[in-house]
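Listed below are the residues making up each chain.
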Amino acid sequence: MELNNMRCKECKGVMSLATLAPMEGEQQGVRMRIEGMPAMQCAEGHKRFVAPEFAVRMMEALMADKTLVPLQGAALKGLLRKRSCCPGCGDELATAPQGRVQARREVRLKGLAAFGVSVALPTFRCAACGKESVAPQGEVLDGLMKASIQAFRSAAVAPT
């Protein structure tokens, strides 16, 4: 990944590669913590991504392993009224989560030092068969993207 060496848009200072303090974000019950993320930073403390496509590449690397968490995603059924159903028996799942599952990944992007990403997702237990699952894959991905945006905002990291 080619570093974005443009000057700071706020103060016109020189930007250099830095490692940020841990940051967290949460959306739709999905919690994300990013530790040791590389970013460009000026002497005034303004921060931006190392490259415009950094956030997309980070999410692609995080989701490259199809088993982000050890639980299967619920199935989404229904045409007009969408509902989450147990991946084991097909019964409708309760809307309130019953627990949480956590995972930690080391994200490696070409040309950058590896950094850690921890996620915590709500879990749902089927009343009929007892199988535990997470939300449907689309909802999990949406929650992860929005939680990452919240984390970047909490650390005041600008996209460009």
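Described below are features of the structure shown in this document. Because the structure is a prediction, the values reported are computed rather than measured.

## Quick notes on helix α1 (residues 54–63)
Looking only at α1, the buried set comprises F54, M58, M59, L62 and M63. Each buried residue of α1 sits inside an arc of 155° when the element is viewed along its axis, so together they form one side. Among the structural elements, β3 (30–35), β4 (38–41), β8 (99–107), β9 (115–125) and α2 (137–154) are those in contact with the buried residues of α1.

## Some thoughts on the pattern of salt bridges
One pass over the structure, following the stated rule, counts 10 salt bridges. Of the charged contacts in the structure, one is a salt bridge between R108 and E106, with a shortest N-O distance of 2.5 Å. Shared partners join several salt bridges into a network, and the residues in it are E24, R33, E35 and R104.

## Digging into the nonpolar core
Among the nonpolar cores identified, the biggest contains 45 residues, and M32, I34, M37, F54, M58, F115 and L144 are the most heavily contacted of them. Going through the elements one at a time, β3, β4, α1, β8, β9 and α2 are the ones with two or more residues in this core. With sequence-adjacent residues up to four places away left out, M37 is seen in contact with A18, T19, L20, M23, F49, F54, F115, F152 and V157.

## Focus: the environment of L109
With respect to the helices and strands, the residue L109 is situated in the loop between β8 and β9. Separated by 36 residues in sequence, L109 and G73 place their C-alpha atoms 27 Å apart. Setting aside its immediate chain neighbours within four residues, L109 contacts M1, F54, R57, M58, A61 and F115.

## Structural notes on the environment of R33
With respect to the element layout, R33 can be found in strand β3. Of the residues examined, R33 reaches a relative accessible area of 29% and is grouped as partly exposed. Separated by 12 residues in the primary sequence, R33 and G45 have C-alpha atoms spaced 21 Å apart. With near-sequence residues (within four places) excluded, R33 lies in contact with P22, M23, E24, G116, V117 and S118. In terms of polar contacts, R33 uses its side chain to reach the side chain of E24, at 2.6 Å. For R33, the side chain forms a polar contact with the side chain of E35, separated by 2.6 Å.

## A short note on α2
Relative to the 26 Å expected for 18 residues at 1.5 Å per residue, α2 spans 25 Å between its end C-alpha atoms, a close match to the ideal helical length. Buried within α2 are the following residues: V140, G143, L144, A147, S148, A151 and F152. On the buried face of α2, the contacting elements are β2 (23–27), β3, α1, β9, β10 (132–134) and β11 (157–158). Following α2 by one or two positions, A156 adopts a phi angle in the positive range, close to 55°.

## Some thoughts on the layout of surface pockets
Counted as a void, the largest pocket has a volume near 310 Å³. What lines the largest pocket is a set of 19 residues, among which S84, T95, F124, A135 and E139 lie closest to the centre. Contributions of two or more residues to the lining of the largest pocket are made by β7 (83–85), β9 and α2. With 3 residues, β9 is the single largest residue contributor to the lining of the largest pocket. By residue class, the composition of the lining of the largest pocket is 11 nonpolar, 3 polar and 5 charged. Residue lining of the second largest pocket: 14 residues in total, with K66, L71, G73, V134 and Q137 positioned closest to the centre. A class-by-class count of the residues in the lining of the second largest pocket yields 9 nonpolar, 4 polar and 1 charged.

The rules behind these values
- Residues numbered from 1 in each chain as written.
- Predicted model: local features only at pLDDT ≥ 70, side-chain atom pairs only at ≥ 80, totals over all residues.
- Heavy atoms only, no water.
- Buried < 20%, exposed > 50% of the residue type's maximum accessible area, 1.4 Å probe, protein only.
- Helix = DSSP H or I, 4+ residues; strand = E, 2+ residues; numbered from the N terminus.
- Arc of directions from axis to C-beta.
- Contact = heavy atoms within 4.5 Å.
- Salt bridge = Lys/Arg side-chain N within 4 Å of Asp/Glu carboxyl O.
- Core = buried A, V, L, I, M, F, W, Y, C linked by side-chain atoms within 4.5 Å.
- Polar contact = N/O pair within 3.5 Å; in protein donor to acceptor, adjacent residues only side chain to side chain.
- Expected span 1.5 Å × (residues − 1).
- 1 Å grid on protein atoms, 1.4 Å probe; cavity = no way out; pocket = protein on both sides within 12 Å on 5 of 7 lines; lining within 4 Å.
- Points joined across faces, edges and corners; volume = space filled by probe spheres on them.
- Nonpolar A, V, L, I, M, F, W, Y, C, P; charged D, E, K, R; others polar.

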